[in-house]
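The lines below spell out each chain.
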Amino acid sequence: MSIDTTSTRAIVSPSRTSARGAQAPRTAARPRRIRLGKNPVANVSGVIFALLWLIPVYWMVNSAFQSESELMSWPPHLLPQEFTWDNFVSAITQANFWGALQASLIAAALTVLFASSGALLAAFALSRFRFRGRTTMIITILIVQMIPAEALFISQYRMLDGWNLLNSVVGLSILYIGTIVPFIAWMMRGFVDGVPIELEEAAMVDGCSRVGAFCRVTLPLLAPGIVSTSVFGFLFAWNEYTLALIVLSKDSSVTLPIWLQSFQQGLKATDWGGVMAGATLISIPVIIIFMIVQNKISSGMVAGAVKG
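Residues numbered from 1 in each chain as written. Predicted model: local features only at pLDDT ≥ 70, side-chain atom pairs only at ≥ 80, totals over all residues. Heavy atoms only, no water.

**Observations regarding the side chain of N62**
Then, in step 1: Looking at the secondary structure, you find N62 in helix α2 (residues 40-64).
Then, in step 2: The contact partners of N62, leaving out residues within four places of it in the chain, are H77, L78, L79 and P80. (Helix = DSSP H or I, 4+ residues; strand = E, 2+ residues; numbered from the N terminus. Contact = heavy atoms within 4.5 Å.)

**Looking at the nonpolar core**
Then, in step 1: If you look at the biggest cluster of nonpolar residues, it comprises 26 residues, and the most contacted ones within it are L172, Y176, W238, L256 and W259.
Then, in step 2: Elements supplying a minimum of two residues to this core: α5 (97-128), α7 (153-162), α8 (169-193), α11 (223-239), α12 (242-247), α13 (256-259) and α14 (272-307).
Then, in step 3: Of all the elements, α5 adds the most residues to this core, at 4 residues.
Then, in step 4: Those residues in contact with W238, other than ones at most four positions away along the chain, are L101, S104, L105, A108, L256, P257, I282, P285 and V286.
Then, in step 5: L120, A123, V195 and F214 belong to the second largest nonpolar core, which has 8 residues in total. (Core = buried A, V, L, I, M, F, W, Y, C linked by side-chain atoms within 4.5 Å. Buried < 20%, exposed > 50% of the residue type's maximum accessible area, 1.4 Å probe, protein only.)

**Focus on the state of the cysteines**
Any covalent bond linking the sulfur atoms of two cysteines counts as a disulfide.
Then, in step 1: Per the stated rule, a full pass over the model turns up 0 disulfides.
Then, in step 2: As a non-bridged cysteine, C215 has C208 as the owner of its nearest cysteine sulfur, 9.7 Å distant. (Disulfide = S-S within 2.5 Å.)

**Digging into the environment of F236**
Then, in step 1: Relative to the helices and strands, F236 is located in helix α11.
Then, in step 2: Measuring from C-alpha to C-alpha, the distance between F236 and Y176 comes to 8.1 Å, with 60 residues separating the pair along the chain.
Then, in step 3: Excluding anything up to four places from it in sequence, F236 contacts Y176, T179 and I180.

**A look at the environment of Y157**
Then, in step 1: Mapped onto the secondary structure, Y157 falls in helix α7.
Then, in step 2: Linking Y157 and V247, residues 90 residues apart in sequence, is a C-alpha distance of 6.8 Å.

**Overview of the packing of aromatic side chains**
One pair of aromatic rings is described through two measures. These are the centre distance and the angle between the planes.
Then, in step 1: Scanning all chains against the criterion turns up 13 aromatic pairs.
Then, in step 2: Relative to W85, the ring of F65 lies with its centre 5.1 Å away and its plane at 90 degrees, an arrangement referred to as edge-to-face. Note that F65 is positioned in the loop between α2 and α3 (68-71) and W85 in the loop between α3 and α4 (86-92), a separation of 20 residues in sequence.
Then, in step 3: With relative accessibility at 14%, the residue F65 sits in the buried group.
Then, in step 4: Every member of this aromatic cluster is reached through a ring pair, and the members are F65, F83, W85 and F88. (Phe/Tyr/Trp six-rings, centres within 6.5 Å; stacked < 30°, edge-to-face > 60°.)

**Some details on the environment of L221**
Then, in step 1: Here L221 is to be found in helix α10 (residues 210-221).
Then, in step 2: For the pair formed by L221 and G194, sequence separation is 27 residues and the distance between their alpha carbons is 9.4 Å.

**Structural notes on α11**
Then, in step 1: Relative to the 24 Å expected for 17 residues at 1.5 Å per residue, α11 spans 24 Å between its end C-alpha atoms, a close match to the ideal helical length.
Then, in step 2: What α11 keeps buried is the set P224, G225, T229, S230, V231, G233, F234, A237 and W238. (Expected span 1.5 Å × (residues − 1).)

**As for unusual backbone geometry**
For residues other than glycine, phi is negative in most cases, and the peptide bonds are mostly trans.
Then, in step 1: A cis amide bond links W74 to the next residue, P75, at an omega of 0 degrees.
Then, in step 2: On the secondary structure map, P75 appears in the loop between α3 and α4.
Then, in step 3: One non-glycine residue with positive phi stands out, namely N164, at about 60 degrees.
Then, in step 4: In this structure, N164 sits in the loop between α7 and α8.

As structure tokens, then:
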């Protein structure tokens, strides 16, 4: 018995063609691009607000390059008439400038290292584990943030005095870490909640331990959050004034915000050129950090999206 293969192919081919047509994937719609040129009102408003925000920074740098007589003249000058570096020279040649810079760097580094590490582990525990007292701990973190810092000054001073850590950068860093950890842990918890727990479970199914899944899967995806909270901790330790004023009473062990007071001679006079030059020098590390952080946050978000 013979079978007509030609007719069979003719019958089968239309069904295959229709099946392929039904299973053909649809082309995804491209996201609409926002063109800034179509909304000039928003663009102009953004530029105006940016310029208003930059006015204090510009005036600080402008005043740092002016002489004392030019600063006290009226009307004020938008540009230095006599460009001078004397204010910066007098600032960096002071006896305790480099010591204050070293103290600020050490305090900021210790605060970022220990506060970010502790807050990351606390945020991971609060986000991933269900244990007795978890809700109470979260509420306690919020309540601690409501306590005024001035209410703790006496107890903090006596605590450091008992530990022989007064006039010590380590003692000041301990206070910074204890102050900033609850807030950083609360911020970091939101980033940990944004990482699906299914990614860790899949890694554990493939043979990773709990620690291995955290280090290989969750930790790289938390890079933007770690960088953001670390920058917040750095700015807090770098610019903090009140705790440093109470803990550090010797001129040989002060941070940069306390050192800036040296340009004020009580009720006699204030060296405004030196103040502006010192404030500009203090702002330089912050500007550098922000320039680095922008690239790190962008690269971290892109890398996390690709890996996910």
